[in-house]
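What the coordinates show
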Amino acid sequence: MSLSTPNGVQKLQTALHARAKQSPNYRFYSLYDKVYRRDVLAHAYAQCKANRGEPGVDGQRFVDIEKYGLERWLGELSLELSNRTYQPLPVRRVYIPKPDNPSQQRPLGIPTIRDRVVQTAAVLVLTPIYEADLPLEQYAYRQGVGALDAVRQVHTLLNRGFTQVVDADLSGYFDSIPHAELMKCLARRIVDGAMLHLIKMWLEMPVEETDDRGHRHRTTRNKDEGRGTPQGAPISPLLSNLYMRRFVLGWKTLGHARRLRAQIVNYADDFVICCRGTAEQAATTMRAMMSKLKLTVNEAKTRVREVPSETFDFLGYQYGLCWSYRRRRMYLGTRPSKKRVQRVCRAISLETVSRWKFRDVAEEVRQLNGIMVGWANYFCVGSVSRAYRAIDMHARKRLRQWLSDKYKRQSSGWSAYTDTYLHDELGLIRLSNLTKSFAWAKA
């Protein structure tokens, strides 16, 4: 199924965005009926299928739906919504290793495919409206901008003299968003009671998890405490952006940006405040605002940094002094953080353990190339050469070990599998060669 947005859905989104952009105070009265439009639901299903994902508590998979009959399934779902009999099922909770610390785990919520499709349909309808309201300082989950734009903006601010930085961290942002205040944010644009009720049901979905003995346990913390968005659900990014907007917009409308000469750069629950000598005041002001928003600042991870004498990490990049081999001097720039380099090296190591020795060599090389190119597609800004060389070296070492294990060689494989053989004969990509084709952000 094609992921290109159907013409009918495009026209709907364009009309909604134009109305919202033209009239900042306009409130939409009729949105719920757009969610169960067949073309909107069909496109939502296509997006969910493209994202793959595991089944929810009902165990239903995409193959089950298509065996049942996709058109029939969509029709029944549309009828449930139009009759107002739709009720979301609990979210299945699983735990996955944290990327930077595999020994620790973080919870992930998996709604059913049925609920994911309806949420995605709602996102298709609501995003054009709220996109018109989001400030430029917010870069997450938006069309046309992304994390690398946020990285470049921080780099630009540093080079413009905003070298005191509040490196902020919030404790459990997605789990802390208060429902009452979030619903007020939504109601500023939406009068449609059915749409608001739909979102409220998603905010209060129970969570179900299975213990080591196979027993299922269901909790209703979000409903009981009146806070938290369903992590892992398609609606969650939009809701998190919308609530963070209160902080970003408030920072400007209350005059803090001008008074403190302090600029926010936000991506999802991550943000920094770049200041001109006022970072301590900015940090105090930020804490007071977060308290009013009922959010908690993680004091252990929030600190003021003075660049370039100090460095800080943001969105996987480290900011500080870098060495330019071409210009033979230091400059204020970015480079992949040490944690992110270690993370990709761990991923390479996991793909070259003994249990994968049954793979064809070409398939193994494809797996490694996919990891490395995917990593480099994001880490392509600033001073990357050193990181690329380290990853190249690690990939060669691990591939040699994998080949030696596969073919039962007693040696480490240095003589049998030279660099030239690995790169030229087997096709292992050499990241250090990619620097010639990327457009780097230079000081």
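Residues numbered from 1 in each chain as written. Predicted model: local features only at pLDDT ≥ 70, side-chain atom pairs only at ≥ 80, totals over all residues. Heavy atoms only, no water.

The grouping of Leu321, Trp323, Tyr325 and Met330 at the surface amounts to a nonpolar patch, some 420 Å² of accessible area in total. Considering the arrangement of structural elements, one finds leucine 321 in strand β10 (residues 317–324). Under the relative-accessibility criterion, leucine 321 is labelled partly exposed at 36%. (Patch = residues over 30% accessible without salt bridge, like charges linked within 9 Å, V, L, I, M, F, W, Y side chains within 5 Å. Areas by Shrake-Rupley, 256 points an atom, 1.4 Å probe, with all protein chains shown as cover. Salt bridge = Lys/Arg side-chain N within 4 Å of Asp/Glu carboxyl O. Helix = DSSP H or I, 4+ residues; strand = E, 2+ residues; numbered from the N terminus. Buried < 20%, exposed > 50% of the residue type's maximum accessible area, 1.4 Å probe, protein only.)

The strand order β6-β7-β3-β8 describes an open sheet built from 4 strands, whose pairing is antiparallel. Both edges of this open sheet fall to β6 (262–267) and β8 (303–306), since each of them pairs with a single strand only. Across the sheet, the mean angle separating the axes of adjacent strands is 20° when strand polarity is ignored. As judged from the 4 bridges shared by strand β3 (residues 164–168) and β8, these two strands associate in the antiparallel manner. Its bridge partner being in β8, valine 165 is matched across the sheet by arginine 305. Against the sheet, helix α7 (residues 147–159) touches β3, β6 and β7 (270–275), its axis set at about 160° to β6. Together, β3, β6, β7 and β8 form the strand contacts of helix α14 (residues 279–292), whose direction differs from that of β3 by roughly 30°. (Pairing = 2+ DSSP bridges. Axes fitted to C-alpha atoms, helices over the stretch in contact; angles between N-to-C directions. Contact = heavy atoms within 4.5 Å.)

Before going further, it helps to examine the packing of helix α16 (residues 361–378) against helix α17 (residues 385–406). Where α16 contacts α17, the two axes come as close as 12 Å, and the packing angle between them is 165°. The angle between the axes of α16 and α17 places the two elements in the roughly antiparallel class. Regarding α16 and α17, the two cross each other, and that crossing is right-handed. The segment α16 lies against α17, with Val361, Glu364, Val365, Leu368, Met372, Trp375 and Ala376 engaging Ala387, Tyr388, Ile391, Asp392, Ala395, Leu399, Trp402, Leu403 and Lys406. Of the residues belonging to the contact of α16 with α17, the class tally is 13 nonpolar, no polar and 3 charged. (Parallel < 35°, antiparallel > 145°, perpendicular 65-115°, else oblique. Left-handed = near helix turned anticlockwise from the far one by under 90°. Nonpolar A, V, L, I, M, F, W, Y, C, P; charged D, E, K, R; others polar.)

Moving on, we get to the pairing of β3. Of all 5 residues making up β3, 5 are buried, and the element is well covered by its neighbours. The two faces of β3 match: Gln164, Val166 and Ala168 on one face and Val165 and Asp167 on the other face are all buried. The pairing of β3 with β7 spans 5 bridges and is antiparallel. Along β7, the bridge assignment pairs glutamine 164 with cysteine 275.

A word on the sheet that holds strand β9 (residues 312–314). Adjacent strands of a sheet pair through backbone hydrogen bonds, lying either parallel or antiparallel. Taken together, the 3 strands give an open sheet; going across it, the order is β9-β10-β11, and neighbouring strands pair in antiparallel fashion. A strand with exactly one partner marks an edge of an open sheet, and here the two such strands are β9 and β11 (329–336). Geometrically, the sheet is characterised by an average inter-axis angle of 50° between neighbouring strands, direction not taken into account. Sheet topology note: the β9/β10 ladder contains 3 bridges and is antiparallel. Of the residues in β10, the one forming a bridge with aspartate 313 is glutamine 318. On top of the sheet, α7 reaches β9, β10 and β11; it is set at about 60° to β10, its chief contact.

Our next topic: the pattern of salt bridges. On inspection of all chains with the given rule, the structure shows 26 salt bridges. In this structure, the salt-bridge partner of arginine 37 is aspartate 39, at a minimum N-O distance of 2.8 Å. Judged by its relative accessible area of 28%, arginine 37 falls in the partly exposed class. With a closest N to O distance of 3.8 Å, arginine 93 and glutamate 209 form a salt bridge. Note that arginine 93 is positioned in strand β1 (residues 91–98) and glutamate 209 in strand β4 (residues 207–210), a separation of 116 residues in sequence. For glutamate 209, a relative accessible area of 23% gives the class partly exposed. Look at the salt bridges and you will find they share partners, linking Asp175, Arg221, Glu225 and Arg227 into a network.

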